[in-house]
Amino acid sequence: MNKHYNKPKVLLVEDNFNLSENIKEILTLNGYEIVEILDQAETALSIIEEKMPDLVLVDIKLKGAKTGIELAEELRQTIDLPIVFLTSASGQEIVKKVNHIRPDGFVTKPFTTNSLITSIELAMERHKVNLKESADQQKNSNSDLFIRENGWLKKIVISDISYIKAEGTYTHIFVKDKQYTLRNTAKDLMKKLPEYQFSRIHKSYIVNMEKVEALSSNAVKIDNIEIPIGRNYYHALLQNINKLSS
């Protein structure tokens, strides 16, 4: 039985209906919550971004124009979460095909209940270790953040960050024309940012004060994007602006 107190959320992408139902039953009995079952990859990315699962379990070969590998490639560019592949193949050939994605695990068909649960548990634990490595790396630098992308720790210059949006246990970081999604709270991220430079102006938004182009009583503008100011944050924002201009 799974030992998690809060049910980990899994999103499954599998085009075999009977297999999907089997996986759903196994995971549900072992303490997981199946937030969605998709049978194709074309619209999967937007649904994953909406559901924000703790892990994505995806078949490598899917019916339709997009494969599971292509979906995983997209995920690695946008969201930092564990990816486990379902595959009927094994060996070095399949590893070479997906090595650039650096998946967190494989489940080879046919599988047993134990092998499925073990692969998912190990993938989630590996992802936690990777997050800790990112945090440890960050401690060694005051001007950079290290964000996992495609299995690598990518350096983000803090001063390049435009703004940050909080969404539950996820945080979206906007850097120039790119977005990074982390499984960290905004509160945790704020601890790593220089206080003089970044201000929380809304329960869901943190902005780089050096990127603010204009402001009103209810919004700031960054890169021509209007970001709302929470009523309880406006006074503190004005104080930070005064500090910057003094």
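Please refer to the structure higher up on the page.
Residues numbered from 1 in each chain as written. Predicted model: local features only at pLDDT ≥ 70, side-chain atom pairs only at ≥ 80, totals over all residues. Heavy atoms only, no water.

Focus on the pattern of salt bridges
Here comes step 1: Applying the stated criterion across every chain, the model contains six salt bridges.
Here comes step 2: Note that Lys 66 is salt-bridged to Glu 74, the shortest N-O span being 3.1 Å.
Here comes step 3: Residue classification places Lys 66 among the buried residues on the basis of a relative accessible area of 16%.
Here comes step 4: Using a relative accessible area of 28% as the deciding quantity, one classes Glu 74 as partly exposed.
Here comes step 5: Asp 104 is paired through a salt bridge with Arg 76; the nearest N and O atoms lie 3.0 Å apart. Of this pair, Asp 104 sits in the loop between α4 (92–98) and β5 (105–108) while Arg 76 sits in helix α3 (residues 68–78); the two residues are 28 residues apart in sequence, bridging distant segments of the chain. Comparing Asp 104 with Arg 76 shows no difference in burial state: the two are buried.
Here comes step 6: A single network of salt bridges, built from pairs that share partners, joins Glu 14, Asp 59 and Lys 109. (Salt bridge = Lys/Arg side-chain N within 4 Å of Asp/Glu carboxyl O. Buried < 20%, exposed > 50% of the residue type's maximum accessible area, 1.4 Å probe, protein only. Helix = DSSP H or I, 4+ residues; strand = E, 2+ residues; numbered from the N terminus.)

As for the sheet that holds strand β13 (residues 214–215)
Here comes step 1: Pairing is antiparallel in the open sheet, where three strands are placed in the order β13-β14-β15. Only two strands of the sheet have a single partner each, and these edge strands are β13 and β15 (225–228).
Here comes step 2: Sheet topology places β13 next to strand β14 (residues 219–222); two bridges connect them, and they run antiparallel. Bridge pairing in β14 places Ala 214 opposite Lys 221. (Pairing = 2+ DSSP bridges.)

Here's the deal with the nonpolar core
Here comes step 1: In terms of nonpolar packing, the biggest core is built from 26 residues, with Ile 48, Val 58, Leu 71 and Leu 75 touching the most fellow members.
Here comes step 2: Only β1 (9–13), β2 (33–38), α2 (44–51), β3 (55–59), α3, β4 (83–87) and α4 provide two or more residues apiece to this core.
Here comes step 3: Contact partners of Ile 48, with chain neighbours within four places excluded, come to Leu 11, Pro 53, Val 56, Leu 71, Leu 75, Ile 79 and Leu 81.
Here comes step 4: By size, the runner-up hydrophobic cluster in this structure holds 19 residues, among which are Leu 55, Val 84, Ile 117 and Ile 120. (Core = buried A, V, L, I, M, F, W, Y, C linked by side-chain atoms within 4.5 Å. Contact = heavy atoms within 4.5 Å.)

Re unusual backbone geometry
Here comes step 1: A cis amide bond links Lys 109 to the next residue, Pro 110, at an omega of -10°.
Here comes step 2: Position of Pro 110 among the secondary structure elements: in the loop between β5 and α5 (113–139).
Here comes step 3: A positive phi is found at Arg 102, a non-glycine position, where the angle reads about 50°.
Here comes step 4: In this fold, Arg 102 is placed in the loop between α4 and β5.
Here comes step 5: For Arg 102, a relative accessible area of 38% corresponds to the partly exposed category.
Here comes step 6: In the Ramachandran plot, Lys 176 falls in the positive-phi region, its phi being about 55° despite a non-glycine side chain.

Observations regarding the packing of aromatic side chains
Here comes step 1: Considering all chains together, one arrives at three aromatic pairs under this definition.
Here comes step 2: An angle of 35° between the planes, with centres 6.2 Å apart, marks the rings of Phe 85 and Phe 106 as tilted. Of this pair, Phe 85 sits in strand β4 while Phe 106 sits in strand β5, placing them 21 residues apart in sequence.
Here comes step 3: For Phe 85, a relative accessible area of 0% corresponds to the buried category. (Phe/Tyr/Trp six-rings, centres within 6.5 Å; stacked < 30°, edge-to-face > 60°.)

Considering the environment of Met 52
Here comes step 1: Among the structural elements, Met 52 can be located in the loop between α2 and β3.
Here comes step 2: Taking the C-alpha atoms as reference points, Met 52 and Glu 167, 115 residues apart in sequence, are found 9.6 Å from one another.
Here comes step 3: Aside from chain neighbours lying at most four places away, what touches Met 52 is Glu 167, Tyr 170, His 172 and Thr 181.

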